[in-house]
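# What the coordinates show
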Amino acid sequence: MFLPSYPTVNSGPLHGAAYLYDNAVAAIALVGCGEQDKARRIGAAILWAIDNDRSWHDGRLRNAYAGGVVTNGPVKLPGWWDNTQNKWLEDRYQVGSDNGNIAWAMLALLSIDDVNTGSRFRDGAARLGTWVAQWADGRGTGGFTGGTFGHEPTPELRTWKSTEHNTDLAAAFGLLATRTGDSRWRDMATAAERFVDTMWDPACGCFAAGTAEDGVTRNPILALDAQVWPLTALPGAARKFASAITTAEQRMRVDEGFSYGEDRDGVWTEGTSQMALLLKLLGRAAEAKSLIAVIDSQRSPDGGFYATSVRALPTGFMLDTDPAKPRLYFRLPHLGAASWAALAERGFNPFTATKELP
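The structure reproduced in this document is the subject of the present report. Quantities reported herein were computed from a predicted structural model and do not represent experimental measurements.

## Quick notes on the overall build of the protein chain
Counting its regular elements, the protein chain contains 12 helices and 15 strands. Over its C-alpha atoms the protein chain spans a radius of gyration of 19 Å, differing by no more than 12% from the 21 Å that the globule rule assigns to 358 residues. With the principal axes as the frame, the protein chain shows a C-alpha extent of 50 × 45 × 45 Å. Out of the 358 residues in the protein chain, the part that is buried amounts to 56%. Of all intrachain contacts in the protein chain linking residues separated by at least 6 positions in sequence, the fraction that spans at least 24 positions is 63%. Here the protein chain displays about 14,400 Å² of accessible surface, and carbon together with sulfur accounts for 52% of that area. Placing the 35 positive and 40 negative side-chain charges of the protein chain at their respective mean positions leaves the two points 2 Å apart.

So, in structure tokens, the structure goes:
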């Protein structure tokens, strides 16, 4: 089954939408909590989605699916009825395929993969990796482009490159190489990691968010996950790029937690959990504990976690579906926030499927 990302939303594009990234992180968190059987239910839905899309049969996944039990036939996509237009609508981002989200699906499948599951989850991760491989980019410092956006049969190609996505891919390809012994995955991991390394700005002590559509011009937006994830995911990065933590503390700290970016309008629960996990893995237990207390303050009445401490938290990015509107996190119970809270509390690294840095 797929879990709804925002279970309390009753209408509109978020109603019933199970984002692939949120479900992948949830599956890994369940593994970290010793709930492998529950994680396998999400993993099985991911495998079904690879083989049972309504249009694609090339090994890709969508950015979101309809939450609930996955039944026979093509996997359902999220959508909503628009009374004004008197028709069923689908979100163009949700039906697209971001390579970063697919990397997280690979990490989820590989976290579930063990001697009791045969090779089906590992094989599924390899199929996803084969689809991602086509997006290797020769411009600038290499790496992988963003993926696709919009509906079949001719979705738009995303030619920008993301530090976050390439971090995810470096970890996913690296873990796949270890599990399979296939050197081609190691080569892809190296390409993604090299791109992330070149996004480092020594003067800022930070990672750029990625590149513009030309694949070369740096995107100057400062995003918390682009600072935290490389240190958590890439071998030696926590030592080599340690000043990224200082930069985040100086420029994104708010209300004893962390915001998404430099606006610092409120606490981003998911990102605060990511920083807590990194600090815990670095042995900075007291600092991690104080952040976990902030995270716990964002519990919702149903036991979940709010995405943010404020009504709407800006990210610095604009919506793909409407470039005139900012991309925001809302104060809603959020599967991704709950999953990262669990990872932080358990000290479980989703990039390695262990309680250690790579």
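Continuing now.
## Concerning unusual backbone geometry
Residues E152 and P153 are joined by a peptide bond in cis, for which omega reads 10°. Structurally, P153 can be placed in the loop between β6 (147-149) and β7 (156-158). We note that E256 has phi near 70°; this positive angle belongs to a residue other than glycine. Taking relative accessible area as the criterion, E256 reaches 56% and is therefore assigned exposed. A positive phi angle, close to 55°, is found at R264, a residue other than glycine. Mapped onto the elements, R264 comes out in the loop between β13 (257-258) and α10 (269-281).

## Examining the nonpolar core
Ranked by internal contacts, the top residues of the largest apolar core, which has 106 residues, are L61, W104, F173 and M275. For M275, the contacting residues outside a window of four places in its chain are L224, V228, I245, A248, F258 and L291.

## Structural notes on the side chain of N99
When you line up the elements, N99 lands in helix α3 (residues 99-112). Among the polar contacts made by the side chain of N99, one reaches the main-chain carbonyl oxygen of T145 at a distance of 2.9 Å. In this structure N99 touches W131, V132, W135, T145, G146, G147, H165 and L169, once residues within four positions along its chain are discounted.

## What to know about the state of the cysteines
According to the stated counting rule, one finds 1 disulfide in the structure shown. Linked covalently through their sulfurs, C204 and C206 form a disulfide whose S-S length is 1.9 Å. Sign of the S-S torsion, about 120° for the bond between C204 and C206, identifies this disulfide as right-handed.

## Digging into the pattern of salt bridges
Per the stated rule, a full pass over the model turns up 21 salt bridges. Between R40 and D114 there is a salt bridge, with its nearest N and O atoms 3.6 Å apart. With a gap of 74 residues between them, R40 in helix α2 (residues 36-51) and D114 in the loop between α3 and α4 (120-133) connect regions that are remote in the sequence. A salt bridge links R62 to E152; the nearest nitrogen and oxygen atoms lie 3.1 Å apart. Taken together, the residues R62 in the loop between α2 and β2 (64-66) and E152 in the loop between β6 and β7 connect sequence positions 90 residues apart.

## As for the layout of surface pockets
One number sums up the size of the largest pocket: a volume of about 1,600 Å³. Forming the boundary of the largest pocket are 47 residues, of which Y93, M318, L319, D320 and R327 lie nearest the centre. Of all elements in the fold, only α1 (20-32), α5 (163-180), β10 (210-211), α7 (224-233), β14 (312-318) and β15 (326-330) reach the threshold of two or more residues within the lining of the largest pocket. The dominant element in the lining of the largest pocket, judged by the number of residues it contributes, is β15, at 5 residues. Taken together, the residues that form the lining of the largest pocket break down as 23 nonpolar, 10 polar and 14 charged. The computed volume of the second largest pocket comes to approximately 350 Å³. Every residue lining the second largest pocket is counted, 20 residues in all, and those nearest its centre are A29, L30, A338, S339 and A342. Secondary structure elements with two or more residues in the lining of the second largest pocket: α1, α2, α11 (285-296) and α12 (335-346). In terms of residue count, α12 provides more of the lining of the second largest pocket than any other element does, 6 residues in total.

## Here's the deal with the environment of G68
With respect to the element layout, G68 can be found in the loop between β2 and β3 (80-82). Between the C-alpha atoms of G68 and A276, which are 208 residues apart in sequence, the distance is 31 Å. Look past the residues within four positions of G68 in its chain and what remains in contact with it is M1 and F2.

## Thoughts on α2
Relative to the 22 Å expected for 16 residues at 1.5 Å per residue, α2 spans 23 Å between its end C-alpha atoms, a close match to the ideal helical length. Looking at the buried side of α2, the elements it contacts are α1, β2, α3 and α4.

About the criteria used
Residue positions within a chain follow its written sequence, with the count starting from 1. Restriction of local features to residues with pLDDT of at least 70 applies here, the model being predicted, together with a cutoff of 80 or more for giving and counting side-chain atom pairs; totals for whole chains, interfaces and linings are based on all residues. Water and hydrogen atoms were dropped before computing side-chain values, which therefore reflect all heavy atoms in the structure. Strands here are runs of E lasting at least two residues and helices are runs of H or I lasting at least four, both read from the DSSP assignment and numbered beginning at the N terminus. Only C-alpha atoms enter the radius of gyration, while the globule expectation follows 2.2 Å times N to the 0.38, with N the number of residues. Only protein chains enter the accessibility calculation, which uses a 1.4 Å probe; a residue is then buried when its area is under 20% of its type maximum, exposed when over 50%, and partly exposed in between. Two residues qualify as a contact provided that any one of their heavy atoms is within 4.5 Å of a heavy atom in the partner residue. What sets the accessible areas is the Shrake-Rupley method with a 1.4 Å probe; for residues, cover comes only from the shown protein chains. Charged residues are defined narrowly, with Lys and Arg counted positive, Asp and Glu counted negative, and His plus the chain ends left uncounted. Charge coordinates come from a single atom per side chain, which is NZ of Lys, CZ of Arg, CG of Asp or CD of Glu. By convention a nonpolar core is built from buried Ala, Val, Leu, Ile, Met, Phe, Trp, Tyr and Cys residues, the set being connected through side-chain atoms within 4.5 Å. Polar contacts, as used here, are pairs of N or O atoms within 3.5 Å; protein pairs need one atom able to donate a hydrogen and one able to accept it. Residues neighboring in sequence count only if both atoms are side-chain atoms. For this text, the term disulfide refers to a pair of cysteine sulfurs within 2.5 Å. Salt bridges are identified by distance alone: a Lys or Arg side-chain nitrogen within 4 Å of an Asp or Glu carboxyl oxygen. As defined here, a cavity is a set of points on a 1 Å grid over the protein atoms alone where a 1.4 Å probe fits but cannot get out. A pocket is an open set with protein on both sides within 12 Å along at least five of seven lines, and residues line them when an atom is within 4 Å of a point. Grid points are joined across faces, edges and corners, and a volume is the space filled by probe spheres set on the points. Three classes are used: nonpolar for Ala, Val, Leu, Ile, Met, Phe, Trp, Tyr, Cys and Pro, charged for Asp, Glu, Lys and Arg, and polar for all others, with Gly counted as polar. A helix's residues, less one, multiplied by 1.5 Å, set its expected span.

What is shown is where atoms sit, not what they do.
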